[in-house]
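Descriptive structure summary
Listed below are the residues making up each chain.
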Amino acid sequence: LLHTEDEAREVRDQLVAGSSFDNLAEKYSKDPATAAQGGDLGYMLASDMDKPFAEAAFALKKHAISAPVKTMMGWHII
């Protein structure tokens, strides 16, 4: 969970360049519970997620990195 689109784009760029998702989540996430877990949200159903998040998450191929996704909570990289 990130505050701004610019911050989300910066984090995504670092991921594409090979940085660890876990390390970036711990450093940048504004959600202390998931940041401490390296960004791991655990098992979730699509119905448990905001629609934009679910649509982006379930459209991704394995090991792909999403573009920044805006939800009512903020910006996300999946």
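First things first, this report covers the structure right here in the doc. (Residues numbered from 1 in each chain as written. Predicted model: local features only at pLDDT ≥ 70, side-chain atom pairs only at ≥ 80, totals over all residues. Heavy atoms only, no water.)

Regarding the pattern of salt bridges
Scanning the entire structure with this criterion turns up 3 salt bridges. Taking the shortest distance from any N to any O, the salt bridge between arginine 9 and glutamate 5 comes out at 2.7 Å. Linking arginine 9 with glutamate 5, this pair stays in helix H1 (residues 5-16), spanning 4 residues, or about one helical turn. Residue classification places arginine 9 among the partly exposed residues on the basis of a relative accessible area of 43%. Classification of glutamate 5 as partly exposed rests on a relative accessible area of 31%. Lysine 51 is paired through a salt bridge with glutamate 55; the nearest N and O atoms lie 3.8 Å apart. Highlighted residues: lysine 51 and glutamate 55, both in helix H4 (residues 51-59), separated by 4 residues, approximately one helical turn. (Salt bridge = Lys/Arg side-chain N within 4 Å of Asp/Glu carboxyl O. Helix = DSSP H or I, 4+ residues; strand = E, 2+ residues; numbered from the N terminus. Buried < 20%, exposed > 50% of the residue type's maximum accessible area, 1.4 Å probe, protein only.)

A closer look at the nonpolar core
Counting residues in each nonpolar core, the largest one holds 8 residues, listed as Leu2, Ala8, Val11, Leu15, Leu24, Tyr28, Trp75 and Ile77. When contributions to this core are tallied by element, the ones reaching two or more residues are H1 and helix H2 (21-28). Among the elements that make up this core, the one with the highest residue count is H1 (3 residues). Excluding residues within four positions of it along the chain, valine 11 makes contact with Leu2, Leu24, Tyr28 and Ile77. (Core = buried A, V, L, I, M, F, W, Y, C linked by side-chain atoms within 4.5 Å. Contact = heavy atoms within 4.5 Å.)

Section: the side chain of threonine 71
Within the fold, threonine 71 resides in strand E1 (residues 69-71). For threonine 71, the contacting residues outside a window of four places in its chain are Asp50, Phe53 and His76.

Structural notes on H2
For an α-helix, the turn length of 3.6 residues means that residues three or four places apart are oriented alike. Of all the positions in H2, only Leu24, Ala25 and Tyr28 are classed as buried. Seen end-on, H2 carries its buried residues on one side only, within an arc spanning 100°. Here the buried face of H2 lies against H1 and helix H3 (32-35). Two or three places before aspartate 22, at the start of H2, stands the capping residue serine 20, its side-chain oxygen 3.3 Å from that residue's backbone nitrogen. (Arc of directions from axis to C-beta. Polar contact = N/O pair within 3.5 Å; in protein donor to acceptor, adjacent residues only side chain to side chain.)

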